[in-house]
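What follows is each chain in one-letter form.
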Amino acid sequence: MPPSRPVPPTDSRAGSPSRRTLLATAAAFGLVPDGARAQAPGATPAAPAPVPPPVQPDPAALPAAPGTARFRPEPAPETPVWCFDGKALPPVIRVKLGQAVRLKVENRTDKPLSLHWHGVRNVNAMDGVGGVTQAPIAPGGEFLYVFTPPDAGSYLIRPLVVGGASEPSGRGLAGMLVVEETSPPAVDADVSVVLQDWRLQDDGTLMPFGQTALAATHGRLGNLVTVNGKSVPGAFEARPGARVRLRLGNACNARATRLRFEGVKVYVAAVDGQPTDTFEPLRATLPFPPGTRYDLMVDLPEEEGARCTIEALVGKGLTLASVTTKGARITEKRPPIGPIGENKRLPAEIKLQNALRRDVVITGGAFVPKTKDGAKDGIKDGPAADPVYTGDPQKIWSVNGASGVTGLQPIFSVKRGQVVVLALRNETAFPQALHLHGHCFRLLHPLDDGWEPYWLDTFQLLEGRTARIGFLADNPGRWLISATVLERFDTGLWTLFEVT
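So, a few notes on the structure that sits alongside this text.

The rules behind these values
- Residues numbered from 1 in each chain as written.
- Predicted model: local features only at pLDDT ≥ 70, side-chain atom pairs only at ≥ 80, totals over all residues.
- Heavy atoms only, no water.
- Helix = DSSP H or I, 4+ residues; strand = E, 2+ residues; numbered from the N terminus.
- Buried < 20%, exposed > 50% of the residue type's maximum accessible area, 1.4 Å probe, protein only.
- Contact = heavy atoms within 4.5 Å.
- Areas by Shrake-Rupley, 256 points an atom, 1.4 Å probe, with all protein chains shown as cover.
- Pairing = 2+ DSSP bridges.
- Axes fitted to C-alpha atoms, helices over the stretch in contact; angles between N-to-C directions.
- Core = buried A, V, L, I, M, F, W, Y, C linked by side-chain atoms within 4.5 Å.
- Salt bridge = Lys/Arg side-chain N within 4 Å of Asp/Glu carboxyl O.
- Polar contact = N/O pair within 3.5 Å; in protein donor to acceptor, adjacent residues only side chain to side chain.
- Phe/Tyr/Trp six-rings, centres within 6.5 Å; stacked < 30°, edge-to-face > 60°.

### Here we look at the overall build of the chain
- When you go through the chain residue by residue, the secondary structure sums to 4 helices and 31 strands.
- Counting the 500 residues in the chain, one finds 51% classified as buried.
- Long-range pairs, those at least 24 residues apart, make up 77% of the contacts in the chain with a sequence separation of at least 6.
- For the chain, the accessible surface area stands at approximately 23100 Å², while carbon and sulfur atoms represent 54% of it.

Next up, the structure:
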């Protein structure tokens, strides 16, 4: 793509760098292709000399530290936040498929920290759950994350410490990991969009954390929404006819919404990082609970001055971002938008006949008081009473009767290669956004006679409902099934299973 071509920020790409450039850049950021070796020129010796081990470059540092962000125009004060590398903009870390991630996370905050690579089918020790897969990074400490993502795709970076995930996320720590395909589709821009929200007080500071009333209900819903660290709506420009790949990720603590697209036809190319047969969203909307990611392919209108928007269905509607076409029309001939490829590392089908089947029952949270006749408390036809919670503030939620705490034992254990079917039942009064660590799953049809035509690692289970998921347990370790609403995670809404 010519460098003069205007495209939406934040991570548009141009040109095809040489292998030497890729290796030099990878080394600078601690991202090295597996198996890359230095080779000395010259004739082959009669007896090969011992080859010294390759020198690993120093890992890239990713400091997490206090900072400030301006969410409201002056004279309103800036908001104290936590951020990576001194920037309120969530970082987007990009590697090619087959490259290793080497990042040294430095905790300069005053709370324990660990980073979960949400959606990556990672090695267990690198999953980033403080208190389960690693010891939390103490204030002033550091931890080296080294792993090679097995799949191309779009993934979130989220703090995840047992009992302490909500605060570092609610203070702003979030990012995206992009693993590029070996042969990615040709686009004019490849743009990452990270959604966050913030719960601000009148003086611009963040509302205190650890409030039981929020953890027992909907979680910490913010009153200000940002895209890529800036207050919405974000306004971008691009040339008419540009083909854009949008990578959307919901890094909010608790906000689940639906997205609607206006003024443009979008095609879903990947869900939760995994490629799918390209499809148009039903009624141009998509569900978007915390932790969810979509890769969308869009051909912008060919006329100048056209405006396209991404809307969140919050209240009367909230514009998250708009793109206006400007400049000379792109006339390059290209094929229609189609699939971006398939992930051959995932099974073509899941054989359910001999699956290990387990029930996973979610309970707890607040309840709405009822009158003696069984009706909800409150004035008839008036607003319902506020939900009430009177139990243990540290163990608000349970899975199969137990709240998630450090030292929790697995609810089941399977040998590697076993197919697992989980019947997830939500017996709470609230929708539950759930994430399966280390694996991808299929959302099964009610009679086990098929599944939705895409892989997932995160989905939302409505209150009072049961859903069945099927997956191949092919990744050894202890893996969580966890709430992606982080106040619920902190107060017990997670469990784990073991693959041996």
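### Things to note about the sheet that holds strand 24 (residues 413-414)
- With mixed pairing, the 5 strands of this open sheet are ordered in space as 24-31-30-26-28. The open sheet terminates on both sides in strands that have one partner only, identified here as strand 24 and strand 28 (458-461).

### Some remarks on the pairing of strand 19 (residues 293-299)
- Among the 7 residues that make up strand 19, 6 are buried, leaving the element largely enclosed by the rest of the structure.
- As defined by bridge partners, strand 14 (residues 243-250) adjoins strand 19 across 7 bridges and the pair is classed as antiparallel. Residue pairing in the sheet places R243 in a bridge with D299 of strand 19.
- Summarising the sheet, strand 16 (residues 266-271) and strand 19 pair through 5 bridges and their orientation is antiparallel. When the bridges of strand 19 are listed, V266 appears paired with V298.

### Some words on the sheet that holds strand 6 (residues 115-118)
- Reading across from one edge, 4-9-8-6 is the order of the 4 strands in this open sheet, with mixed pairing throughout. This sheet does not close on itself; its edge strands, each paired only once, are strand 4 (92-96) and strand 6. For this sheet the average axis-to-axis angle between neighbouring strands, irrespective of direction, equals 20°.
- As defined by bridge partners, strand 8 (residues 153-159) adjoins strand 9 (residues 175-180) across 5 bridges and the pair is classed as antiparallel.

### Considering the nonpolar core
- Formed by 64 residues in total, the largest nonpolar core has its most connected members in L246, L248, L300, L320, L422 and F459.
- Look past the residues within four positions of L246 in its chain and what remains in contact with it is V191, V193, Y294, D295, L296, V298 and I310.
- Judged by nonpolar contacts, the second largest core, of 24 residues, contains I93, L113, I137 and F147.

### Thoughts on the environment of V232
- With respect to the helices, strands and loops of the structure, V232 is situated in the loop between strand 12 (230-231) and strand 13 (234-238).
- When its relative accessible area of 18% is taken as the criterion, V232 is described as buried.
- Residues within four places of V232 in sequence aside, it is in contact with V225, T226, V227, L318, T319 and L320.

### Things to note about the environment of L346
- Note on placement: L346 falls in the loop between strand 21 (318-325) and strand 22 (356-364).
- Residue class for L346 comes out buried when judged on its relative accessible area of 10%.
- The contacts of L346, once residues within four sequence positions are left out, are R121, Q274, C440 and W455.

### Re the environment of G249
- The residue G249 is located in strand 14 in this model.
- Classification of G249 by relative accessible area gives buried; the value is 0%.
- Taking the C-alpha atoms as reference points, G249 and P289, separated by 40 residues in sequence, lie 9.4 Å from one another.

### Overview of the pairing of strand 15 (residues 257-262)
- Only one face of strand 15 is buried, namely the one carrying T257, L259 and F261, since none of R258, R260 and E262 on the opposite face is buried.
- Relative to strand 20 (residues 307-312), strand 15 runs antiparallel, the two being bridged by 4 bridges. Bridge assignment links L259 to a residue of strand 20, and that residue is A312.

### Overview of the pattern of salt bridges
- As enumerated under the stated definition, the model contains 25 salt bridges in all.
- Measuring nitrogen to oxygen at the nearest pair gives 2.9 Å for the salt bridge that ties R293 to D457. Placement of R293 in strand 19 and of D457 in the loop between strand 27 (442-443) and strand 28 is noted, with a sequence separation of 164 residues between them. D457 matches R293 in its accessibility class, with the two residues each being buried.
- The partner of R334 in a salt bridge is E332, and the shortest N-O contact between them spans 3.9 Å.

### Quick notes on the side chain of Q274
- Checked against the element boundaries, Q274 lands in strand 17 (residues 274-279).
- At 2.9 Å, the side chain of Q274 forms a polar contact with the side chain of N343.
- Excluding its chain neighbours within four sequence positions, the residues that come into contact with Q274 are D151, Y155, A269, N343, L346, C440 and W455.

### A closer look at the packing of aromatic side chains
- Inspection of every chain in the model, using the stated rule, returns 11 aromatic pairs.
- Ring geometry for W117 and Y145: centres 5.6 Å apart, planes at 70°, overall edge-to-face. A residue pair is termed long-range when its members are at least 10 positions apart, and W117 in strand 6 and Y145 in strand 7 (residues 142-147) qualify at 28 residues.
- Ring geometry for F441 versus F459: centroids 5.7 Å apart, planes at 70°, classification edge-to-face.

### Describing unusual backbone geometry
- A cis amide bond links E74 to the next residue, P75, at an omega of 10°.
- Looking at where P75 falls in the secondary structure, it is placed in the loop between strand 2 (60-69) and strand 3 (79-84).
- Of the consecutive residues V232 and P233, the connecting peptide bond is found in the cis state with omega at 0°.
- When you line up the elements, P233 lands in the loop between strand 12 and strand 13.
- Of note, N228 is a non-glycine position whose phi angle comes to about 55°, a positive value.
- Inspection of the secondary structure puts N228 in the loop between strand 11 (224-227) and strand 12.
- The buried category is assigned to N228, whose relative accessible area is 9%.

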